[in-house]
Amino acid sequence: MKSKSITLLLPLLLMAAFFLIMPGAGGAAMWIGGQGGPNFVANGDVKAWSSYRTLGVNGRLIDVKTETAALGGITIGYDFVKDGFLGYNWPDWLKYFSFAIDLTYNNFSQGAQDVQAKGPRGVFPLRISRVDGHMLVLSFLFIAKYGFFPDPELPFGRLIPYVGVGPGVFFSVAETSSSFSGYPSSDSGEVGIVTEAGVRYMVLRNVSLDAAFRYRYVVPSYDVDYYSNYLGNFHVCGRIYAQQFNALFRVNYHF
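Residues numbered from 1 in each chain as written. Predicted model: local features only at pLDDT ≥ 70, side-chain atom pairs only at ≥ 80, totals over all residues. Heavy atoms only, no water.

Trainee: An account of the overall build of the protein is needed here, citing residue identities and associated values.
Mentor: Tallying secondary structure elements over the protein gives one helix and 14 strands in all. Relative to its full complement of 255 residues, the protein shows a buried share of 45%. In the protein, the proportion of contacts linking residues at least 24 apart, taken out of those at least 6 apart, comes to 71%. Working note: accessible area of the protein is about 12200 Å², and carbon and sulfur atoms make up 65% of it. (Helix = DSSP H or I, 4+ residues; strand = E, 2+ residues; numbered from the N terminus. Buried < 20%, exposed > 50% of the residue type's maximum accessible area, 1.4 Å probe, protein only. Contact = heavy atoms within 4.5 Å. Areas by Shrake-Rupley, 256 points an atom, 1.4 Å probe, with all protein chains shown as cover.)

Trainee: Please give an account of the packing of aromatic side chains that cites residues and values.
Mentor: Enumeration according to the criterion identifies nine aromatic pairs in this entry. With a centroid separation of 5.3 Å and 50° between ring planes, the pair formed by tyrosine 215 and phenylalanine 245 is classed as tilted. Of this pair, tyrosine 215 sits in strand E11 (residues 207–218) while phenylalanine 245 sits in strand E14 (residues 242–254); the two residues are 30 residues apart in sequence, bridging distant segments of the chain. Relative accessible area serves as the criterion here: at 22%, tyrosine 215 is assigned to the partly exposed category. Residue phenylalanine 245 is classed as partly exposed on the basis of its relative accessible area of 27%. Linked through ring pairs, Tyr96, Tyr146, Phe148 and Phe156 together constitute an aromatic cluster. Above the face of the phenylalanine 156 ring, lysine 145 is positioned so that its terminal group lies 5.3 Å from the ring centre. (Phe/Tyr/Trp six-rings, centres within 6.5 Å; stacked < 30°, edge-to-face > 60°. Lys NZ or Arg CZ within 6 Å of the ring centre and 35° of its normal.)

Here it is as structure tokens:
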């Protein structure tokens, strides 16, 4: 997991360094920001394939709870304006659009809990062991925006509502304390969707603050050992349907 994080972070750092060391290259069209906030996860089912006969090959753990955790990361964006990157003469209507590359990291753990399990023999109660997890997400957001309250310093506007959508590459890992068959952890890499709606306030020409709501959806797959008071040790290959909701706060520097 650490090697994946470094591999994804390196291109972003190189991009940031490139634009920062080129005077005038961004033309106040680039920005880099730090962001953070809580990550809420809706209860979701785990579709499971298990050799254990009670759960069967088409079993399901119902309404599994994922813990709320802190989320943090960085973002690099570009505004399509005429005085932008290398002075490219974009069409005027493109000033209403931006593009951003975004990297976030958050805990993605499920505590020990009582759930309902569904298998060939029907629905039965099940207490499952804790699963510790982490998630790294690389997002590509296409953004539409509109500016209000323009002034000579900020002709586009000082208050900028926006919406963004795009794909996200979700890398995650699940780790369990139960390892009876040699599967204490499992990695997953999946493509999901990321959407965001927010508002940007330009404090200064080169400094802005964002407040946003983000929704992320992905279906990671894991291959791990579980323990339960009903089944004992059992091995599961499963998918969790993860809907994540973020309240994001961001500070940006424009150059």
